Amino acid sequence: MDDAPAAPADSRPDASQESRARPRPAIVTVDDDPDVSRAVARDLRRHYGENYRIVRAESGEAGLEALREMKLRGDLVSVILADYRMPQLNGIEFLERAMDIYPGARRALLTAYADTGAAIEAINVVDLDYYLLKPWDPPEEKLYPVVDSLLQAWLSSDHKPVPETKVVGHRWSARSSEVREFLARNQVPYKWFSIDDQVGRELLAAAQTDGQRLPVVVAPDGAVLIEPSEPDLASHVGLATTPSTDFYDLIVIGGGPAGLGAAVYGASEGLRTVLVERTATGGQAGQSSRIENYLGFPDGVSGAQLTDRARRQAQKFGAEILTTRDVTGLEVTGSARTVHFADGSSISAHTVILATGVAYRKLTAEGVANVTGRGVFYGSALTEATSCIDEDIYIVGGANSAGQAAVYLAKGARSVTILVRSDSLAKSMSHYLIEQVENIPAIKVRTCTEVAEAYGTDHLERLTLRNSMTGETETVPAQYLFVFIGAAPLTEWLADVVERDDHGFVLAGPDLLVDGRPPAGWPLDRPPYHLESSVPGVFVAGDVRAESAKRVASAVGEGAMAVMLVHRYLEKL
Ligand SMILES: Cc1cc2nc3c(=O)[nH]c(=O)nc-3n(C[C@H](O)[C@H](O)[C@H](O)COP(=O)(O)OP(=O)(O)OC[C@H]3O[C@@H](n4cnc5c(N)ncnc54)[C@H](O)[C@@H]3O)c2cc1C
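A. Helix α9 (residues 198-206), seen in detail. All buried positions along α9 are accounted for by G200, L203 and L204. Taken around the axis of α9, the buried residues stretch over an arc of 100 degrees, which confines them to a single face. Looking at α9, the residues exposed on the side facing more than 90 degrees away from the buried face are A205 and A206. Of the surrounding secondary structure, the elements contacted by the buried residues of α9 are β6 (165-169), β7 (190-194) and β8 (216-218).

What follows is the structure in structure tokens.
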């Protein structure tokens, strides 16, 4: 039956009773040319038929349908091979949608030589593992080695069906938005249900709650959480929150690019490393829809993809990653550096890397606080995008983060208006993004404009905009306002421990020297190392460091370099 297109179940006469009871994982192949489709399936079955079911489909739609059916039955899918040139859905579009159904399946694209450019692009768009050139003869040389390595990768990963979290809420409930944002940024798969819909109401009834307090979260283990706190939610959706020991070689505080970079290098070089993150790994970069200037990704990479890879890489090397742990204090006792958490507990280490980055500044205009999370969002463009379809959106800010959000939201919104205080974007946005913004008709840029007031009872309804040159005001209807107005380091908790500049950024290395001498109280004969703070053994990397570059690449680089200095420090301890 495998020769029939889109036949997910293996009903071959020789399939044993045992394998029917526990179906073999599937390898799915999709090609619109029936001859090619049959030939791929034949070659795959010859080599893998004993351990895997070969499922083939002759269009992207049929392939997706087969995947959905398998998903409903709880079947495993190991590898998906798709032809690039197909009518309606091409191979990349098909794989992109297939990822939503089976995110753990390994993916390969079948291409003609002329289409290798598209295949390379797909490496970033759909996190493609391989592309295979047609014809693949002899399969022993060209097909099987690739599929073997895909299967190997799939087998070594946790390929169990992804447990699903259900969130029932309302789009104008601020806490519902925060919970969705938290799950999305931590890459926890979830399904969203509105209490306005039948299914949402049924879920509330099943959970025996009236929906007065939202959101209601049904965790994969069946637990019903009403308006849960982030630590509570984290512990139910499989995110680690508790350290495995109380003493480490290295504690990294902050899970953005700098912290993840430090964790990868620290753990890979044999340091007992723990990374502690307040909200979600990825930091600011995790909220970026497309980072286009990071080395090695010529077609850009989404912050979520970069974060997912970095986190897996750090964990592969043995780094512990704790989320929802807010660090509120740093104490120095002899050679131990103790990090205190908001709940009163603590862990210690020989060394610490501060990688706490920066946080968005709040928009202080009148009325904004009342509707924050209910139409006004700080950096949540990715999570809220689906709610913004066909809406008129406003974005405040003139830097790259605002430009990226505009480009991303313009894919679905009716219009996107960027409000910039200065008279030109050129002062704050990269040239390549300005070009993109200018080429999208749905995006308008209003320079010399600021938000004077926000209005709304249940949610944002109107904005008053002020021309900063003339003082003229205009009130416009608005349901969504995304704010990207610069950021500040939140380092008050470090005030009595390390030296900071007037804005709260942590001083390190040469920036600490006064007339060529280390700061008062510096206890060692040598001056502070390049990324070392005013406390020996406490290093700083990324955006939180005074005079840092505020870029993903430099943050990652500083994380790696700080680890090198940690080794130097430990050698002399
Ligand atoms: C939307 C957006 C798009 C961007 N696009 C680009 C781009 O295209 N290219 C580019 O080069 N740069 C870009 N940037 C800038 C880039 O993301 C930052 O420079 C980079 O993320 C800095 O990394 P970091 O690790 O130093 O800090 P952050 O990314 O700010 O991460 C710091 C982390 O520390 C955590 N933390 C803070 N305090 C504590 C605490 N007390 N306890 C525990 N955890 C704590 C935070 O929750 C956060 O996760 C963008 C930024 C934004 C916001």
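B. The pattern of salt bridges, seen in detail. Applying the stated criterion across every chain yields a total of 24 salt bridges. Between D35 and R38 there is a salt bridge whose closest N-O contact spans 3.6 Å. Residue D35 and its partner R38 are both found in helix α2 (residues 34-48); the two are separated by three residues, about one turn of the helix. Under the relative-accessibility criterion, D35 is labelled exposed at 56%. The residue R526 makes a salt bridge to E532 at a minimum N-O spacing of 2.7 Å. Note on accessibility: R526 and E532 belong to one class, buried. Several salt bridges share partner residues, and in doing so they unite R42, D43, R46 and E140 into one network.

C. Just the site of the ligand, in detail. Close to the ligand lie 34 residues, the nearest being E277, Q284, N293, Q404 and D543. Between the ligand and the protein, one listed contact pairs a nitrogen atom with a side-chain N or O atom of R278 at 2.8 Å. One of the backbone nitrogen or oxygen atoms of V327 is found 3.0 Å away from a nitrogen atom of the ligand. For the ligand, the protein covers 95% of the area, taking 1,000 Å² as the surface of the free molecule. When residues of the shell around the ligand are traced back to their parent elements, those giving at least two are α11 (257-268), α14 (400-409) and α16 (552-571). Here the residues of the shell around the ligand are counted per class, giving 14 nonpolar, 13 polar and seven charged.

D. Layout of the sheet that holds strand β4 (residues 106-111). Here we have five strands laid out as an open sheet, ordered β2-β1-β3-β4-β5, and parallel in their pairing. Each end of this open sheet is capped by a strand with a single partner; those strands are β2 (53-57) and β5 (130-133). Recorded for the sheet is a direction-independent mean angle of 20 degrees between the axes of neighbouring strands. Examined bridge by bridge, strand β1 (residues 26-30) and strand β3 (residues 77-83) share five bridges and lie parallel to one another. In the strand pairing of β3, I27 is matched with V79. In the packing of α2 onto the sheet, the strands contacted are β1, β2, β3 and β4, and the crossing angle to β2 comes to about 175 degrees.

E. Just the pairing of strand β10 (residues 247-253), in detail. Across the seven residues of β10, six count as buried, placing the element largely inside the fold. Two strands pair when backbone bridges link them, and β10 and strand β15 (residues 346-354) are joined in this way by six bridges, in the parallel orientation. In the strand pairing of β15, Y248 is matched with A349. With four bridges connecting them, β10 and strand β11 (residues 273-276) associate as parallel partners. Pairing of I253 across the sheet is with V276, part of β11. Regarding the hand of the β-α-β motif, the stretch spanning β10, α11 and β11 is right-handed.

Thresholds applied
- Residues numbered from 1 in each chain as written.
- Predicted model: local features only at pLDDT ≥ 70, side-chain atom pairs only at ≥ 80, totals over all residues.
- Heavy atoms only, no water.
- Buried < 20%, exposed > 50% of the residue type's maximum accessible area, 1.4 Å probe, protein only.
- Helix = DSSP H or I, 4+ residues; strand = E, 2+ residues; numbered from the N terminus.
- Arc of directions from axis to C-beta.
- Contact = heavy atoms within 4.5 Å.
- Salt bridge = Lys/Arg side-chain N within 4 Å of Asp/Glu carboxyl O.
- Near = heavy atom within 4 Å.
- Polar contact = N/O pair within 3.5 Å; in protein donor to acceptor, adjacent residues only side chain to side chain.
- Areas by Shrake-Rupley, 256 points an atom, 1.4 Å probe, with all protein chains shown as cover.
- Nonpolar A, V, L, I, M, F, W, Y, C, P; charged D, E, K, R; others polar.
- Pairing = 2+ DSSP bridges.
- Axes fitted to C-alpha atoms, helices over the stretch in contact; angles between N-to-C directions.
- Right-handed = clockwise from strand over helix to strand, strands pointing away.

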